[in-house]
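# Remarks on the overall topology
Spelled out, the chains give:
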Amino acid sequence: MESLSNISVFNEEQLKALYKKGIKDVQDLLYYFPRKYVDRSQLLDLKTSRVGDVVTFIGIVSGNEVKYGKKRRLIVTCLTQDVKIELIFFQAIPYYQKLLKPDIHAAFSGKIDMFHGSINILHPEVEILSGDELMHMGKIIPIYRITDGMRNNFLTNRIIRSAVRKTLDLYSSRIVDYLLPHDLIKNNLMTLDAALENIHFPKEMQDVENSRRRLAFDELLIFAVIMYEKKIKRRSLKKSQPLNITKKKEWASIIQQNLPFKLTFDQEKAISTLHELAYKPYPFGALLQGDVGSGKTLVALLCALEYLEEGIQVAVMAPTEILARQHYLNFINYISDLPFLQMDLLTGSEKASEKKAKLDRIKRGDTLFIIGTHALIQEKTEFASLGLVIIDEQHRFGVEQRDTLRGKGIMPDLLAMSATPIPRSLTLTLYGDLESIILSEKPPGRMPIDTRLFNEEDLPNLYRGIKKYVDMGRQAYIVYPLIEESEKITWASVMTDYHYLEQEIFQGYRLGLLHGKLSSEEKDRAMEKFKQGVIQILVTTTVVEVGVDVPNATVMMIRNAEKFGLSQLHQLRGRVGRGQHQSFCIMVKSDRITSEGEERLKSMVESEDGFYLAQKDFEIRGSGELLNTRQSGISEFKIADLRYHSELAVMAHNMVEDKIELRQKIMSMKNWKSLIKKGFILFDN
Ligand code: ADP
Ligand code: MG
């Protein structure tokens, strides 16, 4: 790659400082994008600006003076369109005094204030612009991130700008676009050289948007290729324990015949897709997404039975003990009609001797069906013939944890399940290597859940309502966002409120407490009692969030609802509405709620569609809240943001299949993360 010394702008020390920042050659420099822009045409319009507005303007310093009053301060006066503005600094006075000398041009941004009839700005952000440079610049000026290391070597914005300018002049015509003109036109994308020109030196702010779109596409395409190759690679592998298609299997149909309900169309479709995948010679990876209550567990079970009937081990991993136990009990119930099938629950909280016996059975292959928590991926856990791995609530696990469990078998199949549906663009991007299966329809006959938003003043009324339903034989959850009251955070806390509720509000009712700090036995006991109806009102934190199934519970009250994300709220709401009685989701907001929080809670009232809410959540809070993106790789993107570029992700996904050469090119680069960082360009020589 072309060396930075070719552009002869930097001295040795500066080159070293840039090297430290990861800017090692001209390509790195071209991909060192501005952190923001100053628009010179953005004139300070005093007619429409008010005190408190944040403004950016370019001004010429006319003088500076240190004043000694109550506090020492530097007052810099500057002129912009003949208006005098005072810039006031209390800190770093010597620095600014030296920097802001008369006749200096600079861009200032900050909050407008008025004092004794003159306009001033306290500690504005300052970008020095040199006069002769300005003559050659467009009206929009790029501002780069200048690190201390750079600043110490006099690497100013001005120098970076001129270096980038020179690089573009020298190399632009030699940038080879890996996308064909046809692809560019079809997808409405700029050429790569144009994108690089425009992200550094835009004529209009719209140019920045357009070039970001192009550069985001490159990142998404690289990622799509990686995912695609992963999928292809998996398809070239051979399963160690292929299922035998000629052996007739009956277990799944026995269970289906005994079901008290009919499978939904989506469930049928999912089961037949999984059936097809199971008989492929390669180990499949599938992601089963379905809203809360869409019946994923049964789909997983019916798939698992094909393996179990052939004597192949199946492991189901759930994120909490409560959930693992629930699956275990649930499955016991289902398989009671089958010939004997050894099943074990492994949670790590069993007695040492009991645990050892279970581990031995699993290792010998005596137990075929293993349900558990993270205990499944501990080193000590060994499987005889693990052929299918099922991961429930997979977004609660990291990529590594999923891979560890798969590593316990020799190329087992993977079925990952998620009740937090994510937008399609995200699925394609993050799980592009997996087959996507979706349950969009819920079993019929479910009544909508009456969802409403209240203030804390309404609590006495709401408590009366809860009593009414409990008196009718129903049960209720009261969920809190925190376990203990800390000094700083004063949200209602489950610990302190529990005693109050028990002694003052719900006297004579049976309350139970469930939170993450309890031991697993205590948790199980509380949950079990709630299931049996011994506990009528369960006061809890989000430990109940995932998968818990108590059909008689019809009231879900959520305190400080603004503290939860939409997906989480939807999960909580999914704990009720599981039986034949009308259910309620009562969200109680505190008066500290923001307008964004208010908006979020309103969408809960408006919709019960998990896919819609996930999309909303994503738009409001980004992907980080929705899934473990930190481990997923999309945090490597410099520009692509799936909130805004979802359509590009779909385009990239659709493009990879028939771009064989491009895939080879990308795969030949050793590290895709550095490829994203450095950008994907090829210079012709
Ligand atoms: P989730 O998809 O949230 O994991 P579950 O698998 O826990 O949902 O299913 C929720 C409830 O719906 C369970 O009680 C299950 O027995 C029931 N169920 C599953 N499939 C159907 C169906 N086709 N018709 C009616 N009820 C069903
Ligand atoms: Mg579930």
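Up top is the structure.
Summarised in this report is the structure supplied together with it.

When you go through the protein residue by residue, the secondary structure sums to 25 helices and 23 strands. Considering the protein as a whole, with its 685 residues, one finds that 54% of them fall into the buried category. The long-range share in the protein, meaning contacts at least 24 apart out of those at least 6 apart in sequence, stands at 74%. Here the protein contributes 94 positive and 89 negative side-chain charges, whose respective centroids are spaced 2 Å apart.

Now for the pattern of salt bridges. All chains considered together, the criterion is met by 28 salt bridges. A salt bridge links Lys363 to Glu382, with the shortest nitrogen-to-oxygen separation between them at 3.6 Å. With a gap of 19 residues between them, Lys363 in helix H14 (residues 352-364) and Glu382 in the loop between strand S13 (369-372) and strand S14 (386-391) connect regions that are remote in the sequence. Lys363 gets classed as partly exposed once you look at its relative accessible area, which sits at 47%. The residue Asp366 makes a salt bridge to Arg364 at a minimum N-O spacing of 2.8 Å. Given a relative accessible area of 40%, Asp366 falls into the partly exposed group. In this structure, a network of salt bridges that share partners links the residues Arg35, Lys36, Glu125 and Glu127.

Taken together, Lys21, Lys24, Arg145, Lys638 and Lys677 make up a surface patch of like positive charges. For Lys24, the position within the fold is in the loop between helix H1 (12-20) and helix H2 (26-30).

This part takes up the layout of surface pockets. A volume near 1300 Å³ is recorded for the largest pocket. Taken together, 47 residues make up the lining of the largest pocket; nearest its centre are Gly293, Gly295, Arg446, Asp549 and Arg578. Of all the secondary-structure elements, those providing two or more residues to the lining of the largest pocket are helix H10 (251-258), helix H12 (296-308), helix H13 (321-335) and helix H20 (566-573). Looking at the lining of the largest pocket element by element, the count peaks at seven residues for H13. Of the residues that constitute the lining of the largest pocket, the class distribution is 17 nonpolar, 16 polar and 14 charged. For the lining of the largest pocket, the two domains that each supply at least three residues are domain 2 (251-278 + 294-418) and domain 3 (450-607).

Turning our eyes to something else, we now look at the nonpolar core. With 87 residues, the main nonpolar core has Leu4, Phe10, Leu196, Leu215 and Phe217 as its most contacted residues. Considering every element that reaches this core, the biggest residue donor is helix H9 (residues 205-236), with twelve residues. Residues within four places of Leu4 in sequence aside, it is in contact with Phe10, Leu15, Leu18, Ile23, Lys24, Asp25, Val26 and Leu29. Counting residues in hydrophobic clusters, the runner-up holds 47 residues, among them Leu259, Val299, Leu302 and Leu439.

Moving on: the packing of aromatic side chains. Tallied over the entire structure, the rule returns eleven aromatic pairs. Between Tyr95 and Tyr96 the ring centres are 5.1 Å apart and the planes differ by 75 degrees, which places this aromatic pair in the edge-to-face class. With a relative accessible area of 16%, Tyr96 lands in the buried category. Their ring planes at 80 degrees and their centres at 5.4 Å tell us that Phe223 and Phe637 sit as a pair that is edge-to-face. Placement of Phe223 in helix H9 and of Phe637 in the loop between helix H22 (610-621) and helix H23 (646-656) is noted, with a sequence separation of 414 residues between them.

The full set close to ligand 1 counts 17 residues, and Lys262, Gly293, Lys296, Thr297 and Arg446 are the nearest of them. Within the side chain of Arg446, a nitrogen or oxygen atom sits 2.8 Å from an oxygen atom of ligand 1. Here ligand 1 loses 82% of its free accessible area of 570 Å² to cover by the protein chains. Judged by the fraction of its atoms near the pocket grid, ligand 1 is located in the largest pocket. By residue class, the composition of the shell around ligand 1 is five nonpolar, six polar and six charged.

When you tally the buried positions in strand S18 (residues 475-479), you get five out of five residues, the bulk of the element. Burial along S18 is two-sided: Gln475, Tyr477 and Val479 and Ala476 and Ile478, pointing in opposite directions, are all buried. Pairing of S18 with strand S21 (residues 553-558) involves five bridges; the strand directions are parallel. Bridge pairing links Ala476 to Val555 in S21. With four bridges joining them, S18 and strand S20 (residues 537-540) adopt parallel strand pairing. When the sheet's bridge partners are listed, Ile478 is paired in S20 with Val539.

Quick look at the packing of H12 against H13 now. With their axes 12 Å apart at the nearest point, H12 and H13 run at an angle of 60 degrees to one another. Looking at the two axes, H12 sits oblique to H13. Pair H12 / H13 crosses with right-handed handedness. The residues of H13 that touch H12, namely those facing Thr297, Leu298 and Leu301, are His327, Phe331 and Tyr334. For the contact of H12 with H13, the residue count by class is four nonpolar, two polar and no charged.

Judged by pairing direction, the sheet is parallel, and its six strands sit side by side in the order S17-S22-S21-S18-S20-S19 without closing on themselves. With one partner strand each, in any of the chains shown, strand S17 (450-455) and strand S19 (511-514) form the two edges of the open sheet. Taken pair by pair, the neighbouring strands of this sheet meet at an average axis angle of 20 degrees, ignoring direction. In this fold helix H18 (residues 494-505) packs onto S18, S19 and S20, with an angle of close to 175 degrees to the strand it touches most, S19. Packed onto the sheet, H20 meets S17, S18, S21 and strand S22 (584-589) and runs at close to 150 degrees relative to S21.

Moving on, we get to a nonpolar patch on the surface. Judged by side-chain polarity, Leu237, Ile410 and Met411 come together as a nonpolar surface patch covering roughly 260 Å² of accessible area. Looking at the secondary structure, you find Met411 in the loop between helix H15 (399-406) and strand S15 (413-418).

All right, on to empty space enclosed by the protein then. Taken as a whole and judged by the stated rule, the model has six cavities of 30 Å³ or more. Its boundaries defined by the atoms lining it, the largest cavity holds a volume of some 80 Å³. Contributing to the lining of the largest cavity are Ile322, Arg325, Gln326, Leu329, Asp524, Met527, Glu528, Lys531 and Val548. For the lining of the largest cavity, the secondary structure elements donating two or more residues are H13 and helix H19 (520-532). Looking at the lining of the largest cavity residue by residue, the classes come out as four nonpolar, one polar and four charged.

Thresholds applied
Residues numbered from 1 in each chain as written. Chains lettered and ligands numbered in written order. Predicted model: local features only at pLDDT ≥ 70, side-chain atom pairs only at ≥ 80, totals over all residues. Heavy atoms only, no water. Helix = DSSP H or I, 4+ residues; strand = E, 2+ residues; numbered from the N terminus. Buried < 20%, exposed > 50% of the residue type's maximum accessible area, 1.4 Å probe, protein only. Contact = heavy atoms within 4.5 Å. Lys, Arg positive; Asp, Glu negative; His and termini not counted. Charge placed at Lys NZ, Arg CZ, Asp CG, Glu CD. Salt bridge = Lys/Arg side-chain N within 4 Å of Asp/Glu carboxyl O. Patch = residues over 30% accessible without salt bridge, like charges linked within 9 Å, V, L, I, M, F, W, Y side chains within 5 Å. Areas by Shrake-Rupley, 256 points an atom, 1.4 Å probe, with all protein chains shown as cover. 1 Å grid on protein atoms, 1.4 Å probe; cavity = no way out; pocket = protein on both sides within 12 Å on 5 of 7 lines; lining within 4 Å. Points joined across faces, edges and corners; volume = space filled by probe spheres on them. Nonpolar A, V, L, I, M, F, W, Y, C, P; charged D, E, K, R; others polar. Domains from an automatic or database assignment. Core = buried A, V, L, I, M, F, W, Y, C linked by side-chain atoms within 4.5 Å. Phe/Tyr/Trp six-rings, centres within 6.5 Å; stacked < 30°, edge-to-face > 60°. Near = heavy atom within 4 Å. Polar contact = N/O pair within 3.5 Å; in protein donor to acceptor, adjacent residues only side chain to side chain. Sits in = over half its atoms within 2 Å of the grid points. Pairing = 2+ DSSP bridges. Axes fitted to C-alpha atoms, helices over the stretch in contact; angles between N-to-C directions. Parallel < 35°, antiparallel > 145°, perpendicular 65-115°, else oblique. Left-handed = near helix turned anticlockwise from the far one by under 90°.

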